[in-house]
Amino acid sequence: MRNVSLLCLFVLSLLLTGCEKSIVGEQSEESALEGNVLLRLSIYEQGPFGTRAVQDIGQWCSRVNVAFFQDGTKVKSASQESSFSSFGTVPVSIAAGTYEVVVVAHNCDGSAAITNEETVTFPSNLVTDTFYYYGTLTVSDQQASYDLELQRCVAMFRLKIADAIPDDAVKIRFYYTGGSSTFSPKKGVGCVNSRQTVMMPLSPSQKVYEVYTLPRADSETLKMTITCYNADNDVQAEKELTDVPITTNKITSYTCTMFGGTAEPGSDDPGSGNETSSGLRLSLNGEWGGTISVN
């Protein structure tokens, strides 16, 4: 009987130990923010008369990717999605030292691949509204927050369709060259002569469509073909544009009739929008610098 009791106690202690390990292994919100480096992100919207208002970074970006390099070797990386309750505060545990740091904030469906200080690529080579930081950071063993300012590194092309969109036109394709889908944080520009393709749904109720590129140092224009299709992939309409001007942090706006119809009332240029700035403590300078209208 004594042996049976001892056996029961032994089994009970194993069960309790297992439960204890399970509880300890769960990541709490507090433990998730542990690390000697805290990158705190916030957005500041530029308002009238130079006023600025703090906004949640989740309103602008859905993902953040960070990489630390020493002597050209990546020694640490981190990522965060907007679904995380503390999105905008990126904790990193890393040995004390001096690092080159790359931060990329974007809206892709997956993480950006930060291969090195010269090469960042995005899932399916799709470029979204993107901000970046590249610089040197010296960290110690003691926890500290670091304020970094991210800059927008993309140009936007905005199409406004002025005439009625037929019900059987269901998708629109943008094919363009002259920009890049690969980015060099060290140089702050696109670094590959890319052929970019973006396909998106087309709806009679939506007249404005936007695509992005990473301008290169040796190119200031895009060549673009815009094609609309029906459900059977038959071409419903097509426009070819040459020498479309692009500038980092500016919107190139183009209003046209796509389907041979008459421009509808109120189909003027949609304007530059009011996307704006952020702040790392990681901060984004998100306000578009202006609009370039093309005919």
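In the block above lies the structure referred to throughout.
Just so it is clear, the model here is predicted, and its values are computed rather than measured. Chains are numbered independently. Their residues run from 1 in the order of the written sequence. Only residues with pLDDT of at least 70 are given local features in this predicted model, and only at 80 or more are side-chain atom pairs given and counted; all residues enter the totals for whole chains, interfaces and linings. Calculation of side-chain values draws on the structure's entire complement of heavy atoms; hydrogens and water are dropped beforehand.

Teacher, can you tell me more about the pairing of strand β11 (residues 149–152) here?
Remark: exposure states derive from per-residue accessible area (1.4 Å probe, protein chains only) relative to the maximum for the residue type, with buried under 20%, exposed over 50%, and partly exposed in between. Runs of H or I in DSSP of at least four residues are treated as helices and runs of E of at least two as strands, each being numbered from the N terminus. Across the two faces of β11 the burial differs, with Leu-150 and Arg-152 buried and Glu-149 and Gln-151 not buried at all. Strand pairing requires that DSSP identify at least two bridges connecting the strands. Of the strand pairs in this sheet, strand β9 (residues 131–139) and β11 are connected by two bridges, and their pairing is antiparallel. From the neighbouring strand, Phe-131 faces β11, where its bridge partner is Arg-152.

I'm lost on the pairing of strand β19 (residues 235–245) in this one. Help?
Here is the key point about a regular strand: its side chains alternate between the two faces of the sheet. In this structure, strand β18 (residues 221–230) lies alongside β19, joined through eight bridges in antiparallel fashion. What sits directly across from Thr-227, in β19, is Glu-238. Turn length for the β18-β19 hairpin, with the two strands adjacent in sequence and antiparallel, is four residues, and the turn residue Asn-233 shows positive phi of about 65 degrees.

What should I look at first to understand the side chain of Arg-63 in this one?
Mapped onto the elements of the fold, Arg-63 is located in strand β3 (residues 63–70). What qualifies as a polar contact is a pair of N or O atoms within 3.5 Å, subject to a donor-acceptor requirement within protein and to the restriction that residues adjacent in sequence count only when both atoms come from side chains. Polar side-chain contacts of Arg-63 include one of 2.6 Å to the backbone oxygen of Asp-109. Leaving out residues up to four positions away in the same chain, Arg-63 has contacts with Gln-80, Glu-81, Phe-87, Val-104, Ala-105, His-106, Cys-108, Asp-109, Gly-110 and Ser-111. Between two residues, a contact is recorded if the distance between any of their heavy atoms is within 4.5 Å.

Hey, could you run me through the pattern of salt bridges in this one?
By definition, a salt bridge exists where a carboxyl oxygen of Asp or Glu is found within 4 Å of a side-chain nitrogen of Lys or Arg. Applying the stated criterion across every chain yields a total of five salt bridges. In this structure, the salt-bridge partner of Arg-158 is Glu-210, at a minimum N-O distance of 2.7 Å. In this pair, Arg-158 sits in strand β12 (residues 155–161) while Glu-210 sits in strand β17 (residues 208–213), placing the two residues 52 residues apart along the sequence. Given the relative accessible area of 6%, Arg-158 is considered buried. The partner of Asp-218 in a salt bridge is Arg-216, with the nearest N and O atoms 2.9 Å apart. Look at Asp-218 and you get exposed, because its relative accessible area is 63%. For Arg-216, a relative accessible area of 13% puts it in the buried group.

Would you explain the sheet that holds strand β20 (residues 251–256) in this entry?
Think of a sheet as strands paired side by side through backbone hydrogen bonds, with each pair either parallel or antiparallel. Across the sheet, which stays open at both edges, the four strands sit in the order β17-β12-β20-β23 with mixed pairing between neighbours. In this open sheet, the two strands that pair with only one neighbour each are β17 and β23 (291–294). Strand-to-strand twist across the sheet, computed as the mean angle between neighbouring axes with direction ignored, equals 20 degrees. Comment: axis = line fitted to C-alpha atoms, over the contacting stretch for helices; angle = value between 0 and 180 degrees taken between N-to-C directions.

Don't take any of this as a statement about function, it's just geometry.
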